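Fold and geometry: a report
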2 protein chains.
Amino acid sequence: MPNSKEISLAVIRRLPRYYRFLDELKQQNIYKTSSKELSEKIGLTASQIRQDLNCFGGFGQQGYGYNVDELYDEIGKILGLDQQTEAILIGAGNLGRAVTNHMDFVNRGFKLTGIFDQNPELVGQSIKGIEIMNTSQLGAFFYNNKPKVAILCIPKTVAPAISQSLIDLGVKGFWNFSHCDIVSTNSNIVVENVHLSDSLMTLSYKVSQLK
Amino acid sequence: MPNSKEISLAVIRRLPRYYRFLDELKQQNIYKTSSKELSEKIGLTASQIRQDLNCFGGFGQQGYGYNVDELYDEIGKILGLDQQTEAILIGAGNLGRAVTNHMDFVNRGFKLTGIFDQNPELVGQSIKGIEIMNTSQLGAFFYNNKPKVAILCIPKTVAPAISQSLIDLGVKGFWNFSHCDIVSTNSNIVVENVHLSDSLMTLSYKVSQLK
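For the structure given in this document, a descriptive report is provided here. What you are looking at is a predicted structure, and each value in this text was computed from that prediction instead of being measured.

Regarding helix α8 (residues 196-208) of chain A
Residue and element names in this part refer to chain A. Look at α8: 18 Å from first C-alpha to last across 13 residues, which is about the 18 Å you get at 1.5 Å a residue. Counting buried residues along α8, 12 of its 13 residues qualify, which places the element largely inside the surrounding structure. What α8 keeps buried is the set L196, S197, D198, S199, L200, M201, T202, L203, S204, Y205, K206 and V207.

What follows is the structure, encoded as structure tokens:
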């Protein structure tokens, strides 16, 4: 496997999709697949898929196809899904609650260890067995734990200040659902901005193009 | 403005980001901006931004920059945000509830007119003033209304069957939060799949690359 730093982020962004489909095949006890079959399921061309997987070298054999288990494990390793990076959630409103309940953090490389909100009515309640703490307890929490990632489900007005204070506390990565882009100018901080409204606007465009 | 069908989806996907930043400028009563300023806020290169906006022609003047209101309105039109396309939500669990509460549908081109769930305990409750109906009432609802888009917040096991029955009822577009890709082989059906877990896995990769 070549140094994955050489792989473009566009290729990396397609790997989770392959990973999910391979998981489905595994669950159906299917042991091998082809770029043609993946292509039909995923909606990318077979040649795109071959090209993507060739980036990592050694996958697939001409005339045999791909070994499902092997490819699944390798993609999981490339994505770092075995890391169990410690993460905390900031903001336990509707969205934070849905994200926590909906996501399978453990199988996606993370371990959720703390939930924080500044609303005293939410503090003390639990989501998925984790008690919501007051945001004022963040300093103490970081003293005892070393969460590397913060999931931000907070209003955009407070996102810049809170993300900066989390960086000061030692956070290295953000999964950001706030309605603002966190643009990292620091190469030691990584960010995934989730903009549901961008996806909705893209759908609006697609709908407008329908005959 | 050229026919927007000629514009690649990659460019279209960046337009919502421009649109959001222009909205922020408008709210700060800022009337003009430059590709350099947009570049700093958005995290794309100024030349990428100029190239994107040139696709639509006529925006910006050398030495003056962009008129914020004009650019905002034009991008809104390209994205079809003035359409008010009728949409329904299928699945009023945690995620469906969060999406409904969190999204500003009206300013993103849509009007949410119905919410459906098969859980009798949820039927009759309201989200944002819309009463949750039983999924069994879908046929009658479509008889009286013509929702063009369905937002799917349902388990992946039921997504294929439900999306097919919605297509049969007349749905032309899906905003799909289910853990499965709806791949449209019909050019008259458009889909935006939202895979939060793909974003989380991409973050896992980025975190794994940190020194």
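Digging into helix α4 (residues 68-78) of chain B
Listed as buried for α4(B) are V68(B), L71(B), Y72(B), I75(B), G76(B) and I78(B). Angular distribution of buried residues about the axis of α4(B) spans 160°; they occupy a single face of the element. Buried residues along α4(B) sit against α8 of chain A together with α1 (9-27), β1 (32-33), α3 (46-54) and β2 (66-67) of chain B. Two or three places before D69(B), at the opening of α4(B), N67(B) has a side-chain oxygen 3.1 Å from that residue's backbone nitrogen. Positioned one or two residues after α4(B), G80(B) has a phi angle of 70°, which is positive.

Comments concerning the side chain of R14(B)
Mapped onto the elements of the fold, R14(B) is located in helix α1. With residues up to four places along the chain from it excluded, the contact list for R14(B) reads L44(B), Q48(B) and D52(B).

Describing the packing of aromatic side chains
Inspection of every chain in the model, using the stated rule, returns 8 aromatic pairs over all chains. Considering the side-chain rings of Y19(B) and Y72(B), the 4.2 Å spacing of their centres and the 10° angle between planes classify their relative orientation as stacked. One end of the pair, Y19(B), is in helix α1; the other, Y72(B), is in helix α4, and 53 residues separate them in sequence. We classify Y72(B) as buried; its relative accessible area is 14%. Judged by centre distance (4.7 Å) and plane angle (70°), the ring pair of W175(B) and F177(B) falls under edge-to-face. This pair shows no difference in class: W175(B) is buried, exactly as F177(B) is. Members of the aromatic cluster, each reached through a chain of ring pairs, are F116(A), F141(A) and F142(A).

Calculation rules
- Residues numbered from 1 in each chain as written.
- Chains lettered and ligands numbered in written order.
- Predicted model: local features only at pLDDT ≥ 70, side-chain atom pairs only at ≥ 80, totals over all residues.
- Heavy atoms only, no water.
- Helix = DSSP H or I, 4+ residues; strand = E, 2+ residues; numbered from the N terminus.
- Expected span 1.5 Å × (residues − 1).
- Buried < 20%, exposed > 50% of the residue type's maximum accessible area, 1.4 Å probe, protein only.
- Arc of directions from axis to C-beta.
- Contact = heavy atoms within 4.5 Å.
- Polar contact = N/O pair within 3.5 Å; in protein donor to acceptor, adjacent residues only side chain to side chain.
- Phe/Tyr/Trp six-rings, centres within 6.5 Å; stacked < 30°, edge-to-face > 60°.

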